[in-house]
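# Observations on the model geometry
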Amino acid sequence: MSRPYAEVIGDPIAQSKSPAIHGHWIERLGLDADYRATRVTRDTLADYLACRRADPDWRGCNVTMPLKQDILPLLDRIEPLARTIGAVNTVTREGDALVGANTDAPGFLEPLLPALGTQHLFRMARILGTGGAARAIVAALAEHGFTLVLAGRDPAKARALLDELAPDGEHHAIDLAHFATPTDFAFDDREHCLDLVVNASPLGMRGQPPLAFDWSHAPPRSIAYDIVTDPVETPFLAAARQHGFATVTGLSMLVGQAAAAFERFFGQPPPRDTDNDLMESLRQ
């Protein structure tokens, strides 16, 4: 007997924690539904969508690397936030139409909401990486009044991204290598400031090169945020803690964006009262 299902697509996909997250919520709610992981490449993406259009049990999919931008022209409608960001991480069906959304931005912000609810004299974020996830993060932080320093291997790409997504602020594009070597810059008093250092790149992910970042570039009281989830405890975060900084793991963003997607797939919000248990299980 068939039953409704959603899935996560990407290449590679075996390491995805999304099935464990959605599966946990499906079980807690007692839903007769399923959530899967399916490997889809750039070359097979169009055929995949054509197949799923014809499947009445399919409720949608989450989209991960490297498909978040490739999928845009293959959809019938793109929601405004996803259109602004230029990347889709969630696809659902509305009638016969496939609709693209982006839940990465609210998912990224979720663990920062207590800090964002406080007034600051100044907010600055150093964002490392210029890919699809970085686009969502740039858009989200610009909306919350941050001055952005966006670092990439190609500073021209970083500059173009800032000009596109955050044209009104005095933001800065820089070579990623700038942060790899120590600095003796004397930071001013940051007591009433909010500083973030965000790894928005795949560097440090299992199978990828490490992220070279010297923590002398981080102002006092900075929050280090790594969106990598495999491993959860990255060298970037371990070094941040050694230098006395607060840290946010990629699981926070992953669970936050998944919660928004879950409601779209299955028509009800997930139970968030056991998030701590869920996070702990995902660390295993």
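Right above here is the structure, for reference.
Residues numbered from 1 in each chain as written. Predicted model: local features only at pLDDT ≥ 70, side-chain atom pairs only at ≥ 80, totals over all residues. Heavy atoms only, no water.

Helix length check: helix α9 (residues 250-266) (17 residues) gives 24 Å between terminal C-alpha atoms against 24 Å at 1.5 Å per residue, within 8%. Of all 17 residues that make up α9, 14 are buried, and the element is covered over most of its length. (Helix = DSSP H or I, 4+ residues; strand = E, 2+ residues; numbered from the N terminus. Expected span 1.5 Å × (residues − 1). Buried < 20%, exposed > 50% of the residue type's maximum accessible area, 1.4 Å probe, protein only.)

Sheet topology note: the strand β3 (residues 58-63)/strand β5 (residues 90-94) ladder contains three bridges and is antiparallel. Across the sheet, residue N62 finds its bridge partner in β5, namely T90. With five bridges joining them, β5 and strand β6 (residues 97-101) adopt antiparallel strand pairing. Its bridge partner being in β6, V91 is matched across the sheet by G100. (Pairing = 2+ DSSP bridges.)

What follows deals with the packing of aromatic side chains. One pass over the structure, following the stated rule, counts 12 aromatic pairs. Taken together, a centroid distance of 6.4 Å and an interplanar angle of 45° make the contact between Y35 and F265 tilted. Of the two residues, Y35 is situated in strand β2 (residues 34-39) and F265 in helix α9; the sequence distance between them amounts to 230 residues. Taken individually, Y35 and F265 each receive the classification buried, so the pair is uniform in this respect. Aromatic pair F213 and F236: ring centres 6.0 Å apart, planes at 65°, arrangement edge-to-face. One end of the pair, F213, is in the loop between β10 (193-199) and β11 (223-226); the other, F236, is in helix α8 (residues 235-242), with 23 residues separating them in the sequence. For F213, a relative accessible area of 11% puts it in the buried group. In this structure F236 comes out as buried when scored by relative accessible area, which is 7%. Joined through ring pairs, the aromatic side chains of W25, Y35, F262, F265 and F266 make up one cluster. (Phe/Tyr/Trp six-rings, centres within 6.5 Å; stacked < 30°, edge-to-face > 60°.)

Below, the discussion takes up the pairing of strand β7 (residues 122-128). Counting buried positions along β7 yields six of seven residues, so the element is predominantly enclosed. Two elements, β7 and β10, share seven bridges in a ladder whose sense is parallel. Paired with F122 across the bridge in β10 is C193. When β7 meets strand β8 (residues 147-152), the two strands line up parallel, connected through five bridges. If you follow M124 over to β8, its bridge partner there is T147. Once you follow β7 into helix α6 (residues 132-143) and on to β8, the crossover reads as right-handed. (Right-handed = clockwise from strand over helix to strand, strands pointing away.)

If you trace the six strands from one edge of the open sheet to the other, you get β2-β1-β3-β5-β6-β4, paired in mixed fashion. Each of the sheet's edge strands pairs with one partner strand only, and the pair in question is β2 and β4 (77-78). Judged from the six bridges that link them, strand β1 (residues 5-10) and β2 form a sheet pairing that is parallel. Its bridge partner being in β2, A6 is matched across the sheet by Y35. Strands in contact with helix α1 (residues 18-29) are β1, β2 and β3; relative to β2, the strand with the most contacts, it is inclined by about 170°. (Contact = heavy atoms within 4.5 Å. Axes fitted to C-alpha atoms, helices over the stretch in contact; angles between N-to-C directions.)

This part is about the side chain of R123. Summarising the element assignment, R123 is placed in strand β7. Buried and without a salt bridge, R123 has D195 as its closest oppositely charged side chain, separated by 10 Å. Separated by 3.1 Å, the side chains of R123 and H120 make a polar contact. Not counting the four nearest positions on each side in its chain, R123 is found in contact with A115, L116, T118, H144, G145, F146, T147 and L194. (Lys, Arg positive; Asp, Glu negative; His and termini not counted. Salt bridge = Lys/Arg side-chain N within 4 Å of Asp/Glu carboxyl O. Polar contact = N/O pair within 3.5 Å; in protein donor to acceptor, adjacent residues only side chain to side chain.)

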